[in-house]
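The primary structure of each chain is shown beneath.
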Amino acid sequence: MKVHTYEKAFLWVGVIVLIACAGALAYASLGMGIHLPGASGRIDPARVYSTAPFNRPGVRLTAPNRYEVVMIGQAWAFNPPEVRVPAGAEVTFTATSVDIIHGLAVAGTRLNMMLIPGQISRNTIRFDEPGEHLIICHEYCGLGHHTMSGKVIVEPARTSAEAADGESQPASAEHHQ
Ligand SMILES: [Cu+2]
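Cut-offs and rules
Residues numbered from 1 in each chain as written. Predicted model: local features only at pLDDT ≥ 70, side-chain atom pairs only at ≥ 80, totals over all residues. Heavy atoms only, no water. Pairing = 2+ DSSP bridges. Helix = DSSP H or I, 4+ residues; strand = E, 2+ residues; numbered from the N terminus. Axes fitted to C-alpha atoms, helices over the stretch in contact; angles between N-to-C directions. Contact = heavy atoms within 4.5 Å. Polar contact = N/O pair within 3.5 Å; in protein donor to acceptor, adjacent residues only side chain to side chain. Buried < 20%, exposed > 50% of the residue type's maximum accessible area, 1.4 Å probe, protein only. Donors = N, O, S within 2.8 Å, 3.2 Å for Na, K, Ca; no water. Tetrahedral: all angles 85-135°; square planar, octahedral: opposite > 155°, others 65-115°. Salt bridge = Lys/Arg side-chain N within 4 Å of Asp/Glu carboxyl O. Expected span 1.5 Å × (residues − 1).

## Remarks on the sheet that holds strand 11 (residues 149-155)
Pairing is mixed in the open sheet, where five strands are placed in the order 5-11-10-7-8. The sheet terminates laterally at strand 5 (82-86) and strand 8 (112-115), the two strands that pair on one side only. Direction aside, neighbouring strands of the sheet carry axes that sit 20 degrees apart on average.

See below:
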């Protein structure tokens, strides 16, 4: 079969682009740890506030230099509205909604989840630099949607001695293990 030279070149370009895209996908998912936040559990939306861990929204230390942020989305606020975590720590956001679909995106980072009533969303991130990040709801959720926001305050990294000792964690962090 005779394949025209340009046709052959075009096919090769296609093959190379496919391989490059597959490589980029593999690098992003395996190398950089970027993946879609899956549903990591189910919950009765009517009982969120009495179901662990949502009965105690806030930040808690789960292991040395690892934190869990338990957050609830509701029209039109995040509970808690502000969390403090140290730079360099691994922070897992565990969140759900008590009413309708909301979004939870931490501006300037790759953390971006949907909060779906009945589902628990979970995603882990590390904030490398101290600073402030806005938390925004990016799913239109009604009249007050534009007012639905929160804040992540990333405090300067603690020394390893402080991190090993769970007592000296950020001021607003609740400590219950
Ligand atoms: Cu909204």
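## Quick look at the environment of Arg-110
Inspection of the secondary structure puts Arg-110 in the loop between strand 7 (102-106) and strand 8. Those residues in contact with Arg-110, other than ones at most four positions away along the chain, are Gly-33, Ile-34, Asn-123, Thr-124 and Ile-125. A polar atom in the side chain of Arg-110 sits 3.0 Å from the backbone oxygen of Thr-124.

## Topic: the pairing of strand 7
Taken across its five residues, strand 7 has five buried, putting it largely inside the fold. Here strand 7 shows two buried faces, one formed by His-102, Leu-104 and Val-106 and the other by Gly-103 and Ala-105. Bridge count between strand 7 and strand 8: four bridges; the pairing is antiparallel. Note that in strand 8 the partner of Ala-105 across the bridge is Asn-112. Once strand 7 ends, the chain turns through five residues before running back antiparallel as strand 8, passing Gly-108 with a positive phi of about 80 degrees. In this structure, strand 7 lies alongside strand 10 (residues 131-136), joined through two bridges in antiparallel fashion. Residue pairing across strands places Val-106 opposite Ile-135, the latter belonging to strand 10.

## Section: the coordination of the copper ion
Taken together, Cys-137 (SG), Glu-139 (O), Cys-141 (SG) and His-145 (ND1) make up the protein donors of the copper ion, found 1.8 to 2.6 Å from the metal. Coordination at the copper ion is irregular: its four donor atoms span angles of 84 to 123 degrees at the metal. When the donors of the copper ion are listed by position in the chain, the intervening gaps give C-x1-E-x1-C-x3-H. A relative accessible area of 17% means that His-145 is categorised as buried.

## Let's talk about the pattern of salt bridges
Pairing of side chains with opposite charge becomes possible as their charged atoms draw close. The full count for this structure, using the stated rule, is seven salt bridges. Because the salt bridges share partners, they merge into one network encompassing Glu-82, Arg-84 and Glu-155.

## Looking at helix 1 (residues 5-31)
In this model helix 1 runs 37 Å from its N-terminal to its C-terminal C-alpha over 27 residues, within 8% of the 39 Å that 1.5 Å per residue would give. Backbone geometry just after helix 1 places Gly-33 at a positive phi near 70 degrees.

Note that all results are geometric; they support no functional claim without further evidence.
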